[in-house]
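Report on the structure
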Amino acid sequence: EQSSSSMQKERTPIPGMPNCPITGLPMIDPVVAADGHTYERHAIQRWFQTSNRSPLTGAVLAHLELVPNYSLLSSVDGLTNHVSNS
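The following refers to the structure shown.

Reading the values: the criteria
Residues numbered from 1 in each chain as written. Predicted model: local features only at pLDDT ≥ 70, side-chain atom pairs only at ≥ 80, totals over all residues. Heavy atoms only, no water. Helix = DSSP H or I, 4+ residues; strand = E, 2+ residues; numbered from the N terminus. Buried < 20%, exposed > 50% of the residue type's maximum accessible area, 1.4 Å probe, protein only. Areas by Shrake-Rupley, 256 points an atom, 1.4 Å probe, with all protein chains shown as cover. Salt bridge = Lys/Arg side-chain N within 4 Å of Asp/Glu carboxyl O. Pairing = 2+ DSSP bridges. Contact = heavy atoms within 4.5 Å. Axes fitted to C-alpha atoms, helices over the stretch in contact; angles between N-to-C directions. Arc of directions from axis to C-beta. Core = buried A, V, L, I, M, F, W, Y, C linked by side-chain atoms within 4.5 Å.

1. Some points on the overall build of the protein
Counting secondary structure elements, the protein contains three helices and three strands. Its helices and strands in sequence order give the protein the pattern α-β-β-α-β-α, from N to C terminus. Evaluated residue by residue, the protein yields a buried proportion of 26% over its 86 residues. Accessible surface for the protein amounts to roughly 5,700 Å². Of this, 53% is attributable to carbon and sulfur atoms.

2. Comments concerning the pattern of salt bridges
Applying the stated criterion across every chain, the model contains one salt bridge. The salt bridge involving D29 is made with R41; its shortest N-O contact spans 2.7 Å. One end of the pair, D29, is in the loop between α1 (2-10) and β1 (30-32); the other, R41, is in helix α2 (residues 41-48), and twelve residues separate them in sequence. For D29, a relative accessible area of 12% translates into the label buried. On the basis of relative accessible area, R41 is assigned to the partly exposed category, the value being 23%.

3. Considerations on the sheet that holds strand β3 (residues 67-68)
Strands sit in the order β2-β1-β3 across an open sheet of three strands; the sheet is antiparallel. Every other strand in the sheet has two partners, leaving β2 (38-40) and β3 as the edge strands with one partner each. Bridge analysis of β1 against β2 gives three bridges, and the strand direction is antiparallel. Residue pairing across strands places V32 opposite T38, the latter belonging to β2. Lying on the sheet, α2 is in contact with β1, β2 and β3; it crosses β2 at an angle near 95°.

4. Structural notes on α2
Along α2, the residues classified as buried are A43, I44 and F48. Axial view of α2: buried residues confined to an arc of 135°, hence all on one face. At its buried positions, α2 is contacted by β1 and β2.

5. Looking at the nonpolar core
Grouped together as the largest cluster of nonpolar side chains are eleven residues: M17, C20, M27, V31, A33, Y39, A43, I44, F48, L61 and L72. When residues in this core are grouped by element, the largest group, three residues, is from α2. Residues within four places of F48 in sequence aside, it is in contact with A33, L61, L64 and L66.

Interpretation note: all reported values are geometric properties and have no functional meaning in isolation.
The structure is reproduced here in structure tokens:
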């Protein structure tokens, strides 16, 4: 858990990044859950320690697997490259 929190400190959100519906903070490592919604990885993993339901809909999830939100990650990479090239 300590390595997870120190990893989060090393990475900072990019302005304009959507907020995680659990934390209310801009996402750094966005993942898609079985409900089709995107969450910050550490927040939804913590949620899954106590629940198998969607934080947004309350529905029981078919599985607890998380998939990186490649669309948002591409946006982050594009923004990062744009900012660093400016």
